[in-house]
Number of protein chains: 2
Amino acid sequence: MTPPEARARFRGGLRVPTAGLCPGWTQANLLAVPRAYAYDLLLFAQRNPRPCPVLDVGDEGAVRTSIFPGDLRTDLPGYVVYEDGVAVAELSDVTPFWRADLVPFLFGCSFTFEDALLRAGVPVRHQETGSNVPMYRTGLLCREAGALSGPLVVSMRPVPAALVATAVRVTSRYPAVHGAPVHVGEPEQLGIRDLKAPDFGDPVEIRPGEVPVFWACGVTTQAAVMASGVRFAIGHAPGHMAITDARDADYVVP
Amino acid sequence: MTPPEARARFRGGLRVPTAGLCPGWTQANLLAVPRAYAYDLLLFAQRNPRPCPVLDVGDEGAVRTSIFPGDLRTDLPGYVVYEDGVAVAELSDVTPFWRADLVPFLFGCSFTFEDALLRAGVPVRHQETGSNVPMYRTGLLCREAGALSGPLVVSMRPVPAALVATAVRVTSRYPAVHGAPVHVGEPEQLGIRDLKAPDFGDPVEIRPGEVPVFWACGVTTQAAVMASGVRFAIGHAPGHMAITDARDADYVVP
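Presented here is an overview of the structure given in this document.

Cut-offs and rules
Residues numbered from 1 in each chain as written. Chains lettered and ligands numbered in written order. Predicted model: local features only at pLDDT ≥ 70, side-chain atom pairs only at ≥ 80, totals over all residues. Heavy atoms only, no water. Core = buried A, V, L, I, M, F, W, Y, C linked by side-chain atoms within 4.5 Å. Buried < 20%, exposed > 50% of the residue type's maximum accessible area, 1.4 Å probe, protein only. Domains from an automatic or database assignment. Contact = heavy atoms within 4.5 Å. Buried area = accessible area lost by both parts, 1.4 Å probe. Salt bridge = Lys/Arg side-chain N within 4 Å of Asp/Glu carboxyl O. Polar contact = N/O pair within 3.5 Å; in protein donor to acceptor, adjacent residues only side chain to side chain. Helix = DSSP H or I, 4+ residues; strand = E, 2+ residues; numbered from the N terminus. Pairing = 2+ DSSP bridges. Axes fitted to C-alpha atoms, helices over the stretch in contact; angles between N-to-C directions. Parallel < 35°, antiparallel > 145°, perpendicular 65-115°, else oblique. Left-handed = near helix turned anticlockwise from the far one by under 90°. Least-squares fit on C-alpha atoms with pLDDT ≥ 70 in both. Expected span 1.5 Å × (residues − 1).

Things to note about the nonpolar core
Within the largest apolar cluster, 50 residues are counted, with the highest numbers of intra-cluster contacts made by Tyr39(A), Phe105(A), Tyr39(B) and Phe105(B). Both domains that meet at this core, namely domain 1 (3–110 + 228–249) and domain 2 (133–216) of chain A, each give it at least three residues. Leaving out residues up to four positions away in the same chain, Phe105(A) has contacts with Asn29(A), Leu30(A), Leu31(A), Val33(A), Ala38(A), Leu41(A), Leu42(A), Asp56(A), Val57(A) and Tyr39(B). Counting residues in each nonpolar core, the second largest holds 21 residues, with Val63(A), Leu72(A), Leu76(A) and Val94(A) among its members.

Have a look at this one:
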(Lines give C-alpha, C1' and ligand atoms only; values in the text may rest on other atoms or scores of the structure.)
Protein backbone atom coordinates (compact mmCIF):
# COMPACT_ATOMS: atom_id res chain seq x y z
CA MET A 1 0.00 0.00 0.00
CA THR A 2 1.22 3.50 -0.78
CA PRO A 3 0.59 6.37 1.64
CA PRO A 4 -2.17 7.86 -0.58
CA GLU A 5 -3.88 4.46 -0.71
CA ALA A 6 -3.66 4.02 3.05
CA ARG A 7 -5.01 7.52 3.65
CA ALA A 8 -7.91 6.84 1.28
CA ARG A 9 -8.81 3.68 3.20
CA PHE A 10 -8.72 5.49 6.52
CA ARG A 11 -10.85 8.25 4.99
CA GLY A 12 -13.23 5.48 4.02
CA GLY A 13 -13.51 4.35 7.62
CA LEU A 14 -10.82 1.66 8.10
CA ARG A 15 -9.76 1.72 11.74
CA VAL A 16 -6.56 -0.24 12.50
CA PRO A 17 -3.25 0.39 14.24
CA THR A 18 -0.73 1.40 11.59
CA ALA A 19 2.39 -0.53 12.70
CA GLY A 20 3.78 -2.37 9.70
CA LEU A 21 1.65 -0.53 7.15
CA CYS A 22 3.39 1.12 4.19
CA PRO A 23 6.91 -0.05 5.13
CA GLY A 24 9.53 2.54 4.23
CA TRP A 25 7.11 5.46 4.62
CA THR A 26 7.30 7.61 7.70
CA GLN A 27 4.49 7.54 10.24
CA ALA A 28 3.82 10.46 12.55
CA ASN A 29 2.02 11.50 15.71
CA LEU A 30 -0.57 14.25 15.19
CA LEU A 31 -1.33 16.93 17.73
CA ALA A 32 -3.29 20.00 16.67
CA VAL A 33 -3.53 22.79 19.24
CA PRO A 34 -4.98 26.29 19.15
CA ARG A 35 -2.50 28.96 18.01
CA ALA A 36 -2.41 30.27 21.58
CA TYR A 37 -0.69 27.02 22.62
CA ALA A 38 1.52 26.61 19.57
CA TYR A 39 4.61 28.31 20.94
CA ASP A 40 4.45 26.38 24.19
CA LEU A 41 4.08 23.11 22.28
CA LEU A 42 6.97 23.87 19.94
CA LEU A 43 9.13 24.84 22.92
CA PHE A 44 8.02 21.73 24.83
CA ALA A 45 9.16 19.71 21.82
CA GLN A 46 12.47 21.54 21.64
CA ARG A 47 13.08 20.87 25.33
CA ASN A 48 12.04 17.21 25.08
CA PRO A 49 13.44 16.08 21.73
CA ARG A 50 13.54 12.36 22.51
CA PRO A 51 9.77 11.94 22.93
CA CYS A 52 8.76 14.94 20.77
CA PRO A 53 10.83 15.11 17.58
CA VAL A 54 9.10 17.66 15.34
CA LEU A 55 8.82 16.44 11.76
CA ASP A 56 6.54 19.19 10.44
CA VAL A 57 4.32 22.06 11.56
CA GLY A 58 1.42 23.25 9.45
CA ASP A 59 0.18 26.79 9.22
CA GLU A 60 -2.64 27.98 11.45
CA GLY A 61 -5.90 26.54 10.13
CA ALA A 62 -4.18 24.24 7.63
CA VAL A 63 -5.44 20.65 7.30
CA ARG A 64 -2.28 19.43 5.61
CA THR A 65 1.46 19.93 5.96
CA SER A 66 4.35 19.60 3.56
CA ILE A 67 4.91 15.92 4.35
CA PHE A 68 1.21 15.08 4.77
CA PRO A 69 -0.62 16.14 1.59
CA GLY A 70 -3.84 14.39 2.65
CA ASP A 71 -6.54 15.80 4.93
CA LEU A 72 -5.54 15.71 8.59
CA ARG A 73 -9.21 15.70 9.66
CA THR A 74 -10.14 12.43 7.95
CA ASP A 75 -7.05 10.58 6.70
CA LEU A 76 -5.86 9.01 9.95
CA PRO A 77 -7.49 5.81 11.21
CA GLY A 78 -8.42 7.32 14.57
CA TYR A 79 -8.46 10.51 16.61
CA VAL A 80 -8.92 11.70 20.17
CA VAL A 81 -10.52 15.07 20.92
CA TYR A 82 -9.52 16.79 24.15
CA GLU A 83 -11.34 19.51 26.06
CA ASP A 84 -9.77 20.96 29.19
CA GLY A 85 -7.29 18.11 29.17
CA VAL A 86 -9.94 15.40 29.09
CA ALA A 87 -10.46 13.00 26.19
CA VAL A 88 -14.07 13.71 25.27
CA ALA A 89 -14.37 11.76 22.02
CA GLU A 90 -12.52 9.07 20.10
CA LEU A 91 -13.59 8.88 16.46
CA SER A 92 -12.43 8.42 12.88
CA ASP A 93 -13.36 11.82 11.41
CA VAL A 94 -12.78 15.06 13.29
CA THR A 95 -14.02 17.44 10.61
CA PRO A 96 -16.84 18.75 12.83
CA PHE A 97 -14.35 19.48 15.63
CA TRP A 98 -11.59 21.14 13.58
CA ARG A 99 -11.13 24.86 14.28
CA ALA A 100 -9.67 27.66 12.20
CA ASP A 101 -7.14 28.50 14.92
CA LEU A 102 -5.65 24.99 15.12
CA VAL A 103 -1.98 24.51 14.31
CA PRO A 104 -1.19 20.91 13.31
CA PHE A 105 2.06 19.38 14.55
CA LEU A 106 3.49 16.10 13.30
CA PHE A 107 5.98 14.33 15.57
CA GLY A 108 8.17 11.35 14.76
CA CYS A 109 6.93 7.84 15.59
CA SER A 110 8.95 4.77 16.50
CA PHE A 111 7.00 2.74 13.93
CA THR A 112 9.41 4.39 11.50
CA PHE A 113 12.34 2.26 12.67
CA GLU A 114 10.45 -1.01 13.04
CA ASP A 115 11.13 -1.87 9.43
CA ALA A 116 14.85 -1.42 10.14
CA LEU A 117 14.55 -3.58 13.27
CA LEU A 118 12.91 -6.37 11.30
CA ARG A 119 15.55 -6.18 8.59
CA ALA A 120 18.21 -6.50 11.31
CA GLY A 121 16.53 -9.64 12.62
CA VAL A 122 14.95 -8.06 15.69
CA PRO A 123 11.38 -9.32 16.13
CA VAL A 124 8.58 -6.79 16.67
CA ARG A 125 6.00 -8.59 18.78
CA HIS A 126 2.99 -6.31 18.21
CA GLN A 127 3.48 -6.66 14.47
CA GLU A 128 3.61 -10.46 14.83
CA THR A 129 0.33 -10.46 16.73
CA GLY A 130 -1.38 -7.70 14.76
CA SER A 131 -2.03 -5.72 17.93
CA ASN A 132 -1.24 -2.16 18.96
CA VAL A 133 2.14 -1.37 20.55
CA PRO A 134 1.98 -1.12 24.36
CA MET A 135 2.64 2.37 25.73
CA TYR A 136 3.13 3.47 29.33
CA ARG A 137 3.13 6.70 31.29
CA THR A 138 6.38 6.79 33.27
CA GLY A 139 7.28 8.53 36.49
CA LEU A 140 9.80 10.67 34.63
CA LEU A 141 8.71 14.26 34.07
CA CYS A 142 9.40 16.16 30.87
CA ARG A 143 10.97 19.61 30.97
CA GLU A 144 8.15 22.14 31.21
CA ALA A 145 7.46 24.80 28.60
CA GLY A 146 4.98 27.55 29.41
CA ALA A 147 1.61 25.97 30.08
CA LEU A 148 2.77 22.46 29.18
CA SER A 149 4.13 19.78 31.48
CA GLY A 150 3.64 16.09 31.89
CA PRO A 151 5.21 12.66 32.12
CA LEU A 152 7.37 10.88 29.59
CA VAL A 153 5.41 8.19 27.74
CA VAL A 154 7.31 5.20 26.38
CA SER A 155 6.57 2.39 23.96
CA MET A 156 7.83 -1.09 24.79
CA ARG A 157 9.10 -3.91 22.62
CA PRO A 158 10.33 -7.23 24.07
CA VAL A 159 13.75 -8.00 22.59
CA PRO A 160 15.74 -11.25 22.93
CA ALA A 161 18.69 -10.52 25.20
CA ALA A 162 21.18 -11.37 22.46
CA LEU A 163 19.61 -8.76 20.19
CA VAL A 164 19.29 -5.83 22.59
CA ALA A 165 22.56 -4.32 21.41
CA THR A 166 21.43 -4.66 17.80
CA ALA A 167 18.15 -2.94 18.62
CA VAL A 168 20.04 -0.07 20.27
CA ARG A 169 22.44 0.26 17.36
CA VAL A 170 19.74 0.17 14.70
CA THR A 171 17.38 2.63 16.36
CA SER A 172 20.09 5.08 17.36
CA ARG A 173 20.43 5.79 13.64
CA TYR A 174 16.94 7.32 13.72
CA PRO A 175 17.27 10.25 16.15
CA ALA A 176 14.41 12.12 14.43
CA VAL A 177 11.94 9.38 15.35
CA HIS A 178 12.87 8.78 19.01
CA GLY A 179 16.26 7.18 18.35
CA ALA A 180 17.88 4.81 20.83
CA PRO A 181 15.94 3.35 23.76
CA VAL A 182 15.61 5.49 26.86
CA HIS A 183 15.64 2.43 29.13
CA VAL A 184 16.41 -1.29 28.88
CA GLY A 185 14.88 -3.71 31.38
CA GLU A 186 13.85 -2.77 34.96
CA PRO A 187 10.42 -1.26 34.18
CA GLU A 188 9.84 -0.42 37.86
CA GLN A 189 12.65 2.14 37.63
CA LEU A 190 10.45 3.98 35.14
CA GLY A 191 7.53 3.78 37.55
CA ILE A 192 5.79 1.11 35.47
CA ARG A 193 4.15 -1.35 37.86
CA ASP A 194 2.51 -3.79 35.48
CA LEU A 195 3.69 -4.36 31.92
CA LYS A 196 0.48 -6.26 31.28
CA ALA A 197 -1.56 -3.10 31.82
CA PRO A 198 -0.31 -0.47 29.36
CA ASP A 199 -1.81 3.03 29.56
CA PHE A 200 -2.28 3.05 25.78
CA GLY A 201 -2.32 0.27 23.18
CA ASP A 202 -2.37 -3.47 23.91
CA PRO A 203 -0.25 -5.68 26.16
CA VAL A 204 2.19 -8.05 24.42
CA GLU A 205 3.77 -11.28 25.60
CA ILE A 206 7.32 -11.14 26.95
CA ARG A 207 8.87 -14.55 26.36
CA PRO A 208 11.60 -16.20 28.42
CA GLY A 209 14.97 -14.71 27.46
CA GLU A 210 13.45 -11.43 26.31
CA VAL A 211 14.06 -8.04 27.85
CA PRO A 212 11.52 -5.20 27.78
CA VAL A 213 13.08 -2.30 25.87
CA PHE A 214 11.58 1.17 26.15
CA TRP A 215 11.63 3.96 23.59
CA ALA A 216 10.39 7.53 24.05
CA CYS A 217 6.92 7.86 22.53
CA GLY A 218 5.14 10.72 20.78
CA VAL A 219 2.02 10.14 22.88
CA THR A 220 4.03 12.15 25.43
CA THR A 221 2.55 15.25 23.78
CA GLN A 222 -0.99 14.01 24.44
CA ALA A 223 -0.07 13.10 28.00
CA ALA A 224 1.04 16.73 28.39
CA VAL A 225 -2.30 17.91 27.01
CA MET A 226 -4.02 15.84 29.68
CA ALA A 227 -1.64 16.71 32.53
CA SER A 228 -1.80 20.42 31.71
CA GLY A 229 -5.53 20.82 31.16
CA VAL A 230 -5.07 22.20 27.65
CA ARG A 231 -8.35 23.86 26.67
CA PHE A 232 -8.70 22.11 23.32
CA ALA A 233 -6.63 19.75 21.19
CA ILE A 234 -6.97 16.97 18.67
CA GLY A 235 -4.53 14.08 18.54
CA HIS A 236 -4.30 10.79 16.70
CA ALA A 237 -5.59 7.74 18.55
CA PRO A 238 -2.42 6.15 20.00
CA GLY A 239 -0.96 3.67 17.51
CA HIS A 240 -3.21 4.99 14.74
CA MET A 241 -0.73 7.27 13.05
CA ALA A 242 -0.58 9.76 10.22
CA ILE A 243 1.10 8.03 7.27
CA THR A 244 3.13 10.68 5.49
CA ASP A 245 4.80 11.03 2.12
CA ALA A 246 8.21 11.28 3.79
CA ARG A 247 10.49 8.27 3.62
CA ASP A 248 12.10 6.59 6.61
CA ALA A 249 15.37 6.98 4.74
CA ASP A 250 14.99 10.76 5.11
CA TYR A 251 15.47 10.42 8.86
CA VAL A 252 18.36 7.99 9.08
CA VAL A 253 21.85 9.15 10.03
CA PRO A 254 25.11 7.41 9.12
CA MET B 1 40.26 29.31 29.57
CA THR B 2 37.03 27.92 31.00
CA PRO B 3 33.64 29.26 29.87
CA PRO B 4 33.14 31.21 33.15
CA GLU B 5 36.58 32.80 32.72
CA ALA B 6 35.88 33.73 29.09
CA ARG B 7 32.52 35.20 30.01
CA ALA B 8 34.13 37.24 32.79
CA ARG B 9 36.67 38.67 30.34
CA PHE B 10 33.96 39.60 27.86
CA ARG B 11 31.96 41.16 30.68
CA GLY B 12 35.11 43.16 31.43
CA GLY B 13 35.19 44.52 27.89
CA LEU B 14 37.35 42.09 25.86
CA ARG B 15 36.13 42.17 22.29
CA VAL B 16 37.49 39.36 20.07
CA PRO B 17 36.06 36.74 17.73
CA THR B 18 35.63 33.54 19.70
CA ALA B 19 36.85 30.90 17.22
CA GLY B 20 39.35 28.64 18.96
CA LEU B 21 38.53 29.90 22.46
CA CYS B 22 37.65 27.36 25.15
CA PRO B 23 38.15 24.30 22.92
CA GLY B 24 35.70 21.53 23.75
CA TRP B 25 33.04 23.95 25.01
CA THR B 26 30.09 24.71 22.80
CA GLN B 27 29.68 28.16 21.29
CA ALA B 28 26.31 29.51 20.28
CA ASN B 29 24.56 32.19 18.26
CA LEU B 30 22.35 34.50 20.31
CA LEU B 31 19.13 36.01 19.03
CA ALA B 32 16.70 37.57 21.49
CA VAL B 33 13.33 38.59 20.09
CA PRO B 34 10.15 39.95 21.64
CA ARG B 35 7.71 37.26 22.78
CA ALA B 36 5.42 38.25 19.90
CA TYR B 37 8.05 36.91 17.47
CA ALA B 38 9.11 33.87 19.48
CA TYR B 39 6.80 31.34 17.85
CA ASP B 40 7.72 32.48 14.37
CA LEU B 41 11.42 32.25 15.22
CA LEU B 42 11.10 28.78 16.73
CA LEU B 43 9.10 27.65 13.70
CA PHE B 44 11.62 29.26 11.33
CA ALA B 45 14.31 27.26 13.11
CA GLN B 46 12.30 24.05 12.88
CA ARG B 47 11.82 24.60 9.16
CA ASN B 48 15.47 25.49 8.57
CA PRO B 49 17.37 23.14 10.86
CA ARG B 50 20.69 23.27 8.99
CA PRO B 51 21.32 27.00 9.58
CA CYS B 52 19.18 27.32 12.74
CA PRO B 53 19.76 24.36 15.09
CA VAL B 54 18.14 25.34 18.40
CA LEU B 55 20.36 24.53 21.37
CA ASP B 56 18.34 26.29 24.03
CA VAL B 57 15.50 28.76 24.55
CA GLY B 58 15.25 30.87 27.67
CA ASP B 59 12.06 32.00 29.32
CA GLU B 60 10.55 35.38 28.48
CA GLY B 61 12.62 38.08 30.16
CA ALA B 62 15.37 35.68 31.24
CA VAL B 63 19.00 36.76 30.82
CA ARG B 64 20.34 33.21 31.06
CA THR B 65 19.42 29.77 29.82
CA SER B 66 20.12 26.27 31.06
CA ILE B 67 23.37 25.99 29.07
CA PHE B 68 24.40 29.65 29.50
CA PRO B 69 24.49 30.41 33.23
CA GLY B 70 26.15 33.81 32.66
CA ASP B 71 24.40 37.08 31.83
CA LEU B 72 23.33 37.22 28.19
CA ARG B 73 23.38 41.04 28.26
CA THR B 74 27.07 41.40 29.09
CA ASP B 75 28.91 38.09 28.77
CA LEU B 76 29.34 37.95 24.99
CA PRO B 77 32.18 39.87 23.34
CA GLY B 78 29.87 41.80 21.02
CA TYR B 79 26.24 42.45 20.15
CA VAL B 80 24.12 43.97 17.42
CA VAL B 81 20.85 45.74 18.23
CA TYR B 82 18.17 45.77 15.52
CA GLU B 83 15.20 48.09 15.15
CA ASP B 84 12.77 47.54 12.30
CA GLY B 85 15.26 45.17 10.73
CA VAL B 86 18.11 47.67 10.75
CA ALA B 87 21.29 47.29 12.80
CA VAL B 88 21.23 50.45 14.90
CA ALA B 89 24.03 49.73 17.34
CA GLU B 90 26.97 47.38 17.75
CA LEU B 91 28.29 47.28 21.27
CA SER B 92 29.68 45.08 24.04
CA ASP B 93 26.95 45.53 26.68
CA VAL B 94 23.27 45.56 25.80
CA THR B 95 21.90 45.92 29.33
CA PRO B 96 20.28 49.30 28.51
CA PHE B 97 18.54 47.77 25.49
CA TRP B 98 17.29 44.52 27.06
CA ARG B 99 13.51 44.33 27.42
CA ALA B 100 11.30 42.31 29.73
CA ASP B 101 9.47 40.72 26.78
CA LEU B 102 12.62 39.36 25.11
CA VAL B 103 12.96 35.60 24.63
CA PRO B 104 16.61 34.54 24.21
CA PHE B 105 17.40 31.82 21.68
CA LEU B 106 20.74 30.05 21.40
CA PHE B 107 21.54 28.38 18.09
CA GLY B 108 24.41 26.05 17.27
CA CYS B 109 27.63 27.47 15.82
CA SER B 110 30.10 25.83 13.48
CA PHE B 111 32.97 26.89 15.75
CA THR B 112 31.87 23.85 17.75
CA PHE B 113 33.27 21.42 15.21
CA GLU B 114 36.46 23.33 14.41
CA ASP B 115 38.28 21.58 17.23
CA ALA B 116 37.28 18.25 15.66
CA LEU B 117 38.45 19.48 12.23
CA LEU B 118 41.84 20.44 13.66
CA ARG B 119 42.19 17.08 15.42
CA ALA B 120 41.47 15.39 12.08
CA GLY B 121 44.24 17.39 10.42
CA VAL B 122 41.98 19.83 8.57
CA PRO B 123 43.39 23.36 8.81
CA VAL B 124 41.11 26.20 9.90
CA ARG B 125 42.44 29.30 8.18
CA HIS B 126 40.72 31.98 10.24
CA GLN B 127 42.08 30.39 13.40
CA GLU B 128 45.59 30.37 11.88
CA THR B 129 45.35 34.08 11.10
CA GLY B 130 43.45 35.11 14.22
CA SER B 131 40.71 36.70 12.14
CA ASN B 132 36.94 36.24 12.07
CA VAL B 133 35.41 33.52 9.88
CA PRO B 134 34.08 34.83 6.54
CA MET B 135 30.30 34.63 6.18
CA TYR B 136 28.17 35.26 3.10
CA ARG B 137 24.53 35.86 2.31
CA THR B 138 23.57 33.35 -0.40
CA GLY B 139 20.89 33.48 -3.07
CA LEU B 140 19.14 30.51 -1.44
CA LEU B 141 15.99 31.40 0.46
CA CYS B 142 15.04 29.78 3.74
CA ARG B 143 11.58 28.33 4.26
CA GLU B 144 9.37 31.09 5.61
CA ALA B 145 7.66 30.96 9.01
CA GLY B 146 5.04 33.56 9.83
CA ALA B 147 6.68 36.99 9.71
CA LEU B 148 10.16 35.59 9.12
CA SER B 149 11.90 35.01 5.83
CA GLY B 150 15.36 35.59 4.46
CA PRO B 151 18.40 34.14 2.77
CA LEU B 152 20.63 31.30 3.91
CA VAL B 153 23.91 32.61 5.32
CA VAL B 154 26.97 30.37 5.10
CA SER B 155 30.42 30.34 6.66
CA MET B 156 33.39 29.39 4.48
CA ARG B 157 36.59 27.50 5.22
CA PRO B 158 39.20 26.77 2.54
CA VAL B 159 40.04 23.05 2.67
CA PRO B 160 42.85 21.25 0.80
CA ALA B 161 41.23 19.13 -1.90
CA ALA B 162 42.59 15.92 -0.39
CA LEU B 163 40.91 16.74 2.93
CA VAL B 164 37.46 17.78 1.73
CA ALA B 165 36.05 14.30 2.32
CA THR B 166 37.54 14.29 5.81
CA ALA B 167 35.96 17.68 6.54
CA VAL B 168 32.58 16.37 5.38
CA ARG B 169 32.89 13.20 7.42
CA VAL B 170 34.00 14.97 10.59
CA THR B 171 31.39 17.73 10.51
CA SER B 172 28.51 15.44 9.57
CA ARG B 173 28.89 14.00 13.06
CA TYR B 174 27.73 17.36 14.47
CA PRO B 175 24.21 17.79 13.06
CA ALA B 176 23.19 20.00 15.99
CA VAL B 177 25.77 22.62 15.06
CA HIS B 178 25.19 22.83 11.29
CA GLY B 179 26.58 19.40 10.41
CA ALA B 180 27.97 18.61 6.99
CA PRO B 181 28.70 21.34 4.43
CA VAL B 182 25.79 22.60 2.36
CA HIS B 183 28.04 23.26 -0.64
CA VAL B 184 31.59 22.43 -1.77
CA GLY B 185 33.29 24.65 -4.34
CA GLU B 186 31.49 26.74 -6.98
CA PRO B 187 30.59 29.76 -4.84
CA GLU B 188 28.79 31.44 -7.76
CA GLN B 189 26.15 28.69 -7.59
CA LEU B 190 25.32 30.04 -4.14
CA GLY B 191 25.09 33.56 -5.55
CA ILE B 192 28.39 34.57 -3.96
CA ARG B 193 30.20 36.85 -6.40
CA ASP B 194 33.37 37.68 -4.53
CA LEU B 195 34.82 35.48 -1.79
CA LYS B 196 37.12 38.36 -0.86
CA ALA B 197 34.14 40.45 0.18
CA PRO B 198 32.23 38.54 2.86
CA ASP B 199 29.00 40.03 4.17
CA PHE B 200 30.09 39.34 7.75
CA GLY B 201 33.51 38.60 9.27
CA ASP B 202 36.87 38.83 7.49
CA PRO B 203 38.12 37.48 4.15
CA VAL B 204 40.65 34.64 4.30
CA GLU B 205 43.25 33.47 1.80
CA ILE B 206 42.38 30.50 -0.41
CA ARG B 207 45.66 28.83 -1.34
CA PRO B 208 46.37 26.83 -4.49
CA GLY B 209 44.92 23.35 -4.16
CA GLU B 210 42.28 24.46 -1.68
CA VAL B 211 38.53 24.35 -2.22
CA PRO B 212 36.08 26.76 -0.55
CA VAL B 213 33.73 24.70 1.60
CA PHE B 214 30.49 26.23 2.86
CA TRP B 215 28.57 25.41 6.02
CA ALA B 216 25.16 26.74 7.02
CA CYS B 217 25.60 29.59 9.51
CA GLY B 218 23.56 30.75 12.49
CA VAL B 219 23.78 34.36 11.30
CA THR B 220 20.94 33.23 9.02
CA THR B 221 18.61 34.15 11.89
CA GLN B 222 19.94 37.72 11.95
CA ALA B 223 19.68 37.94 8.15
CA ALA B 224 16.01 37.01 8.59
CA VAL B 225 15.60 39.77 11.18
CA MET B 226 16.96 42.21 8.61
CA ALA B 227 15.08 40.83 5.61
CA SER B 228 11.80 40.72 7.53
CA GLY B 229 11.93 44.10 9.23
CA VAL B 230 11.60 42.61 12.70
CA ARG B 231 10.62 45.43 15.06
CA PHE B 232 13.28 44.75 17.67
CA ALA B 233 15.94 42.12 18.27
CA ILE B 234 19.34 41.67 19.83
CA GLY B 235 21.92 39.30 18.34
CA HIS B 236 25.55 38.50 18.95
CA ALA B 237 28.06 40.30 16.72
CA PRO B 238 28.85 37.72 14.01
CA GLY B 239 31.80 35.57 15.08
CA HIS B 240 31.54 36.87 18.65
CA MET B 241 29.63 33.99 20.16
CA ALA B 242 28.07 33.00 23.45
CA ILE B 243 30.39 30.49 25.12
CA THR B 244 28.20 28.02 26.95
CA ASP B 245 28.69 25.41 29.64
CA ALA B 246 27.65 22.66 27.20
CA ARG B 247 30.35 20.43 25.79
CA ASP B 248 30.95 19.82 22.09
CA ALA B 249 30.80 16.12 22.97
CA ASP B 250 27.14 16.62 23.90
CA TYR B 251 26.35 17.29 20.24
CA VAL B 252 28.31 14.59 18.46
CA VAL B 253 26.58 11.56 16.95
CA PRO B 254 28.20 8.17 16.28
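So, the interface of chain A and chain B
Counting residues at the interface gives 18 residues for chain A and 18 residues for chain B. The junction of chain A with chain B conceals about 1400 Å² of combined surface from both sides, 52% of it contributed by carbon and sulfur atoms. Summed over the three residues of chain A that lose the most area to chain B, namely Tyr39(A), Leu42(A) and Gln46(A), the buried surface amounts to 41% of that side. Our enumeration of links across chain A and chain B arrives at two salt bridges. Here Arg47(A) makes a salt bridge to Asp59(B), at a shortest N to O gap of 3.3 Å. Linking chain A with chain B are six residue pairs in polar contact (both at pLDDT 80 or more), by the criterion used here. Elements that contribute at least two residues to the side of chain A that touches chain B include exactly helix 2 (35–47), strand 2 (54–57) and strand 5 (102–108) of chain A.

Considering the sheet that holds strand 7 (residues 151–160) of chain A
Each strand in a sheet pairs with another by means of backbone hydrogen bonds, the pair being arranged parallel or else antiparallel. Residue and element names in this part refer to chain A. On the basis of which strands lie adjacent, the open sheet formed by four strands has the order 6-7-9-8 and antiparallel pairing. Across the chains shown, the open sheet's two edge strands, defined by having one partner strand only, are strand 6 (135–141) and strand 8 (183–184). In this sheet, strand 9 (residues 210–216) lies alongside strand 8 in antiparallel orientation, the contact comprising two bridges. Paired with His 183 across the bridge in strand 9 is Phe 214.

Describing the side chain of His236(A)
Residue and element names in this part refer to chain A. Mapped onto the elements of the fold, His 236 is located in strand 10 (residues 232–236). Separated by 3.3 Å, the side chains of His 236 and Asn 29 make a polar contact. Those residues within four positions of His 236 in sequence are excluded, and the remaining contacts are Asn 29, Leu 30, Leu 76, Gly 78, Tyr 79, Val 80, Val 219, Gln 222 and Met 241.

Observations concerning the packing of helix 3 (residues 111–119) of chain A against helix 5 (residues 164–171) of chain A
Residue and element names in this part refer to chain A. Two numbers describe how helix 3 lies on helix 5: the axes approach to 10 Å, and their chain directions differ by 130°. In this view, helix 3 runs oblique relative to helix 5, as classed from their interaxial angle. At the point where helix 3 passes helix 5, the crossing takes the right-handed sense. Each of Phe 113, Ala 116 and Leu 117 in helix 3 lies in contact with helix 5, whose residues at this interface are Ala 167, Val 170 and Thr 171.

Side note on the relation of the copies chain A and chain B
When chain A is brought onto chain B, the operation consists of a screw motion whose angular component is 180° and whose axial shift is 0.0 Å, with 0.0 Å RMSD remaining. In short, the pair behaves as if placed about a two-fold rotation axis. Across chain A, the rotation axis passes nearest the C-alpha of Tyr39(A), at a separation of 2.4 Å. Of the interface residues in chain A, 100% have counterparts in chain B that sit at the interface too, so the contact is made through matching surfaces.

Focus: the sheet that holds strand 6 (residues 135–141) of chain B
Residues and elements named next belong to chain B. In spatial order, the strands read 6-7-9-8; together these four strands make up an open sheet with antiparallel pairing. Because the sheet does not close on itself, it has two edges, and the strands there are strand 6 and strand 8 (183–184). Sitting on the sheet, helix 6 (residues 220–228) touches strand 6 and strand 7 (151–160), and the angle it makes with strand 7 is about 145°.

Thoughts on helix 2 of chain A
Helix length check: helix 2 of chain A, at 13 residues, gives a terminal C-alpha distance of 19 Å against a target of 18 Å (1.5 Å per residue), a fit within 8%. Burial of helix 2 of chain A is extensive: 11 of the 13 residues sit out of reach of the surface.

Quick word on the pairing of strand 1 (residues 25–34) of chain B
Residue and element names in this part refer to chain B. Burial analysis of strand 1 places nine of its 10 residues in the buried class, which makes it a mostly covered element. Relative to strand 5 (residues 102–108), strand 1 runs antiparallel, the two being bridged by seven bridges. Within strand 5, the position partnered with Leu 31 by the bridge is Phe 105. As paired elements, strand 1 and strand 10 (residues 232–236) share two bridges and run antiparallel to each other. Residue pairing for strand 10: Ala 32 is matched across the bridge by Ile 234.

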